[in-house]
Amino acid sequence: MSASNKRANIVLFGQAGAGKSSLVNLMAGETVAKTSGNLKSCTLRSQTHPIKFDNKYYNVFDTVGLEEPQLGVQQYLETVENAYKLIQNLEEQGGIDLLLFCMRAGRLTATLQSNYRLFHEFLCDKKVPIVVVITYLENEAGEMDNWWKNNKYVFDRLGIDVAGHACITAIRGNYPERYEESRSTIRKVVKEFTADGQKEAWKGGDSTFVSFVRKLKEIFQGKGKLPPRKKIVSRLTKRCALSPDVAGQLADMIRDEGAT
């Protein structure tokens, strides 16, 4: 693949039921992502979908977001593991060009706010442009973009700063015109924020991972008892292939953060 056809990397995240898989298929113009809701929900677990449109290539990392505003003990440790795998994978692919924050039209819940922080602030250190995609707007009165005009103040009030937005429907159903309009809308915003020169400095690697783990404490609920240090070290070395020294340092950090 030539340099001009290098794939841009997009991390797509949001709660279950927001229509992420349908959004991938909308962008691709074909079915490349399964829309089953039966997959195990595990924060930061991802599936990669290579897609192409308008002679440009993209990798879409369809990533599981938080289902609750805070993490319990088991979810916390799984998220640490999955974060490491995701960061390593993204680093090998050249980093992140764009974050797509997919949410269903409605109230901006505490869980949605935590997802924004988890990906934009914790994972990417605010160094990657983020676009919010509001779905299920096929029945919106007037233009679908009216939803953003009527609700942008809520994002501003909560400190959720986004580089762009797309108001769409990812369901063809009885609204084929709105569906095609939505395809044009999302493709346009993706091209805009992955254009040459738009990419900001996001460098994966161990420093990003350590920083992420340190910040993750902010959404760690702390209910329940963390495993002993030895078990955390064993888990990180076996599942993440970390060296015992690095795993030990992270285990100390996790244990400290889990303490009340």
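Keep in mind the model is a prediction, meaning the values are calculated, not measured.

Participant: Any chance you could explain the sheet that holds strand S1 (residues 8-14) here in plain terms?
Facilitator: Backbone-to-backbone hydrogen bonds join strands into a sheet, with any given pair of strands oriented parallel or antiparallel. Pairing is mixed in the open sheet, where six strands are placed in the order S2-S3-S1-S4-S5-S6. The open sheet terminates on both sides in strands that have one partner only, identified here as strand S2 (46-53) and strand S6 (164-167). Taking the axes of each pair of neighbouring strands and ignoring which way they run, one obtains an average angle of 25° across the sheet. Examined bridge by bridge, S2 and strand S3 (residues 56-64) share eight bridges and lie antiparallel to one another. Bridge pairing in S3 links Phe53 to Lys56. Strands strand S4 (98-104), strand S5 (130-135) and S6 of the sheet are contacted by helix H4 (residues 146-157), whose axis makes an angle of about 125° with S5. The strands touched by helix H5 (residues 176-193) within the sheet are S1, S2, S3, S4, S5 and S6, with S6 carrying the most contacts at an inclination of about 165°.

Participant: Just checking my understanding: could you explain helix H1 (residues 20-28) for this structure?
Facilitator: Residues three or four positions apart in an α-helix share a direction because the helix packs 3.6 residues into each turn. Along H1, eight of the nine residues are buried, which leaves the element largely enclosed by surrounding structure. For H1, every residue scored as buried is listed here: Lys20, Ser21, Leu23, Val24, Asn25, Leu26, Met27 and Ala28. The elements touched by buried residues of H1 are S1, S2, S3, S4, S5 and H5. Taken from the residues just after H1, Gly29 is the one with a positive phi, measuring 80°.

Participant: Looking at this model, I keep getting lost on the nonpolar core. Mind explaining?
Facilitator: Proteins that are soluble and globular tend to have nonpolar side chains buried together. Counting 57 residues, the largest nonpolar core has Leu99, Leu118 and Phe209 as its most contacted members. With 27 residues, the next largest nonpolar core counts Ala33, Ala166, Tyr179 and Val189 among its residues.

Participant: Sorry, what's going on with the packing of aromatic side chains here?
Facilitator: Two aromatic rings, taken as a pair, are described by how far apart their centres are and by the angle between their planes. By the definition in use, this model includes seven aromatic pairs. Considering the side-chain rings of Phe13 and Phe119, the 4.0 Å spacing of their centres and the 10° angle between planes classify their relative orientation as stacked. Note that Phe13 is positioned in strand S1 and Phe119 in helix H3 (residues 110-123), a separation of 106 residues in sequence. Among the residues examined, Phe13 registers a relative accessible area of 0% and is labelled buried. These aromatic residues form a ring-pair network of at least three members: Phe13, Phe101, Tyr116 and Phe119. When the ring centre of Tyr136 is taken as origin, the NZ or CZ atom of Arg104, which lies over that ring, is 3.7 Å away.

Participant: Mind showing me how you'd approach the environment of Thr194 here?
Facilitator: Mapping Thr194 onto the fold places it in the loop between H5 and helix H6 (206-216). The spatial distance from the C-alpha of Thr194 to the C-alpha of Pro129 is 9.0 Å, given a sequence separation of 65 residues. Once residues lying within four places of it in the same chain are set aside, the contact partners of Thr194 are Ala8, Tyr58, Asp97 and Leu98. A polar contact is formed between the side chain of Thr194 and the backbone oxygen of Val190, at a distance of 2.7 Å.

Participant: It is not clear to me how the pattern of salt bridges should be interpreted in this structure. Could you clarify?
Facilitator: Close approach of charged atoms allows side chains with opposite charge to pair. Counted by the stated rule, this structure contains 10 salt bridges. Residues Asp54 and Lys191 are paired through a salt bridge, measuring 2.8 Å at the closest nitrogen-oxygen approach. Taken as a pair, Asp54 in the loop between S2 and S3 and Lys191 in helix H5 lie far apart in primary sequence, 137 residues in all. The salt bridge partner of Asp125 is Lys127, with a shortest N-O separation of 3.8 Å. Look at Asp125 and you get partly exposed, because its relative accessible area is 39%. Taking relative accessible area as the criterion, Lys127 reaches 38% and is therefore assigned partly exposed. Taken together, the salt bridges that share partners define one network made up of Asp125, Lys127 and Lys215.

Calculation notes
Residues numbered from 1 in each chain as written. Predicted model: local features only at pLDDT ≥ 70, side-chain atom pairs only at ≥ 80, totals over all residues. Heavy atoms only, no water. Pairing = 2+ DSSP bridges. Helix = DSSP H or I, 4+ residues; strand = E, 2+ residues; numbered from the N terminus. Axes fitted to C-alpha atoms, helices over the stretch in contact; angles between N-to-C directions. Contact = heavy atoms within 4.5 Å. Buried < 20%, exposed > 50% of the residue type's maximum accessible area, 1.4 Å probe, protein only. Core = buried A, V, L, I, M, F, W, Y, C linked by side-chain atoms within 4.5 Å. Phe/Tyr/Trp six-rings, centres within 6.5 Å; stacked < 30°, edge-to-face > 60°. Lys NZ or Arg CZ within 6 Å of the ring centre and 35° of its normal. Polar contact = N/O pair within 3.5 Å; in protein donor to acceptor, adjacent residues only side chain to side chain. Salt bridge = Lys/Arg side-chain N within 4 Å of Asp/Glu carboxyl O.

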